[in-house]
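Read off the chains here:
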Amino acid sequence: MNENVFYVNAKSKIVEFLMSNYDDFPVKLQNRFLNFFPLIANYREEGVPYHPRILFTNGIDAVAKCLPAPKKIEMFVDKNENMFDSRLRALIPFCKTEWYIYVETVPGRTSYGLVRNISSIKDKALEDIIFSDQATSEKIAAKASVIYVYANTRWTVTMQSFYGNTLNTNFALDIMGYSDMDSQVAALVDASFSKLKTTARKMDELKTMFRNVFKNVLRDIGGTICVVVDKDYVCDEFLSDGIWLTEPVSLSKLFLQTTNYNEQKLTATANLFLSMLHKDGITVIDNTGDIRAFNVFVETNLRELSNIIGGARKRAAYTVIQSKRRDIMGVYFQSYDGEIFYADVKR
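Summary of the structure given here. Within every chain, residues take consecutive numbers counted from 1 along the sequence as written. pLDDT decides what is reported in this predicted model: residues at 70 or higher carry local features, side-chain atom pairs at 80 or more are listed and counted, and totals for whole chains, interfaces and linings draw on all residues regardless. In computing side-chain properties, one takes all heavy atoms of the structure into account and sets aside hydrogens as well as water.

Here the focus is the packing of aromatic side chains. When the centres of two rings from Phe, Tyr and Trp lie within 6.5 Å, Trp using its six-membered ring, the rings pair. Their planes under 30 degrees apart give stacked, over 60 give edge-to-face, and anything left gives tilted. Counted under the stated rule, the structure contains 21 aromatic pairs. Plain terms: the ring middles of Tyr148 and Tyr150 are 4.7 Å apart, the flat faces sit at 20 degrees to each other, and that makes the pair stacked. Here Tyr150 falls in the buried class, since its relative accessible area comes to 11%. Following the ring pairs from residue to residue traces out a cluster consisting of Tyr22, Phe25, Phe33, Phe36, Phe37, Tyr43, Tyr50, Phe56, Phe84 and Tyr112. Here's how the labels work: a residue is buried when its accessible area is under 20% of the maximum for its type, exposed when over 50%, partly exposed in between, all with a 1.4 Å probe on protein chains only.

Before going further, it helps to spend a moment on the pattern of salt bridges. Salt bridge, as applied in this entry: a Lys or Arg side-chain nitrogen positioned within 4 Å of an Asp or Glu carboxyl oxygen. If you walk through the whole model with that rule in mind, you get 10 salt bridges. With a closest N to O distance of 3.2 Å, Glu104 and Arg109 form a salt bridge. Measuring nitrogen to oxygen at the nearest pair gives 2.9 Å for the salt bridge that ties Lys207 to Asp190. Note that Lys207 is positioned in helix α8 (residues 200-220) and Asp190 in helix α7 (residues 181-192), a separation of 17 residues in sequence. What makes Asp190 partly exposed here is its relative accessible area of 40%. Helix and strand assignments follow DSSP, with helices taken as H or I runs no shorter than four residues and strands as E runs no shorter than two, numbered in order from the N terminus.

This next bit is on the environment of Asp123. Within the secondary structure layout, Asp123 lies in the loop between β7 (109-117) and α5 (126-132). Along the primary structure Asp123 and Leu91 are separated by 32 residues, whereas in three dimensions their C-alpha atoms are 24 Å apart.

Phe210, Phe214, Leu251, Phe273, Leu277 and Tyr332 are the most contacted members of the largest nonpolar core, which has 35 residues in total. Looking at this core, the elements that each hand over two or more residues are α7, α8, β11 (224-229), α9 (251-257), α10 (263-278), β14 (290-297), β15 (328-334) and β16 (340-344). The dominant element in this core, judged by the number of residues it contributes, is α8, at 8 residues. Every residue in contact with Phe210, bar those within four places of it in the chain, is listed here: Val189, Phe193, Leu251, Phe273, Ile285 and Gly289. Among buried residues, the Ala, Val, Leu, Ile, Met, Phe, Trp, Tyr and Cys ones that are joined through side-chain atoms within 4.5 Å form a nonpolar core. Between two residues, a contact is recorded if the distance between any of their heavy atoms is within 4.5 Å.

This part is about the sheet that holds strand β13 (residues 282-286). Only when DSSP finds a minimum of two bridges between them are two strands counted as paired. The strand order across the open sheet built from 6 strands is β12-β14-β13-β11-β15-β16, with neighbouring strands paired in mixed fashion. At either margin of the open sheet sits one strand with a lone partner, and together these are β12 (241-250) and β16. Across this sheet, the average inter-strand angle for adjacent strands is 15 degrees, counted without regard to direction. Bridge analysis of β13 against β14 gives 3 bridges, and the strand direction is antiparallel. Paired with Ile285 across the strands is Ile291, a residue of β14. What counts as an axis is a line fitted to C-alpha atoms, over the stretch in contact for a helix, and the angles between N-to-C directions run from 0 to 180 degrees. This element, α7, spans β11, β13, β15 and β16 of the sheet and lies at about 35 degrees to β16. Contacts between helix α11 (residues 312-321) and the sheet are confined to β11, β13, β15 and β16, with β15 contributing the most and set at about 165 degrees to the helix.

In terms of burial, strand β6 (residues 100-106) is largely enclosed, as 6 of its 7 residues are buried. Here strand β4 (residues 53-57) pairs with β6 via 4 bridges, running parallel. Bridge assignment links Phe56 to a residue of β6, and that residue is Val103. Pairing geometry for β6 and β7, over 7 bridges, is antiparallel. Each residue of the ladder has a partner; that of Val106, found in β7, is Arg109. A loop of 2 residues connects β6 with β7, the two strands running antiparallel in sequence, and Gly108 in this loop sits at a positive phi of about 80 degrees.

Another point: the side chain of Thr166. Considering the arrangement of structural elements, one finds Thr166 in strand β10 (residues 166-170). In this structure Thr166 touches Met1, Asn2, Glu3, Phe17, Thr158, Met159 and Gln160, once residues within four positions along its chain are discounted.

The element β4 is largely enclosed, with a buried count of 5 among its 5 residues. Taking every second residue as pointing to the same face, both faces of β4 are buried, with Arg53, Leu55 and Thr57 on one and Ile54 and Phe56 on the other. As judged from the 5 bridges shared by β4 and strand β8 (residues 146-151), these two strands associate in the antiparallel manner. Across the sheet, residue Arg53 finds its bridge partner in β8, namely Tyr150.

Below, the structure is given as structure tokens:
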């Protein structure tokens, strides 16, 4: 069951989710968590934004044992939950470097620490390992309760548990502020490799890698536009105002050739892609996964886009969507405020 709630009734729904998905979640910890909850979506320290990723569990070892390459570091052990706020504030900065915070509750003790799966960029993220694989979910659920809490966007906090149970709490005024990041990124990834020929296993790994890259986009970049073009696309006046690469950067080719020895090349190229997405303008990739251009701008018609609420980046995205170009597949848009969508170009 996937449910969206908004701030007018969020508290009761959050409590209900905790009670339904966690055996004996401590009442006092629940109250402290509820007080801290609104900070998760837009947490900052000295102006630097952080996107906390928190695992609440009563059996962190059961979780770690199901990871292919786990690393767990216990940081604090308290007799009660009084230090919850300060413990989380001390650990949140580590989320910048792929760590997850865990809060383990057992009778008479609350412990805090960091956990992650030491893996390749092409491997599934920790939450996907725990919740997406049924056998792994059942193995952990037999021994422990787990609730994963994270900032989906600047306005939305998501709580996830086993068997597809998800609660999205939105702090915007209405549903227009909410976007399901996972489904929008999945649509972009599908479009980006729609004409790439490889084995089903390699394709699955490749798409996993791209999803991981775009999760970093959400964490580290305020806003971006990525346009998917056909592999036979030839640059013309429409997207000419930008930096077109003489030789496309092929993440897919590098990935398909990669071994443990050149894992660093793969990571370095993925980081290059992130840097391009961070630049103003549009990053262009084709439907075989080749990076073709970045820092690209399009001329917008303010009269035709007068009904679009948003800034220049959003108007640029809709200019491409409404272009009716058959050699342009679609547009991924992410705003600083957290709005996210992937849309096909209108025909």
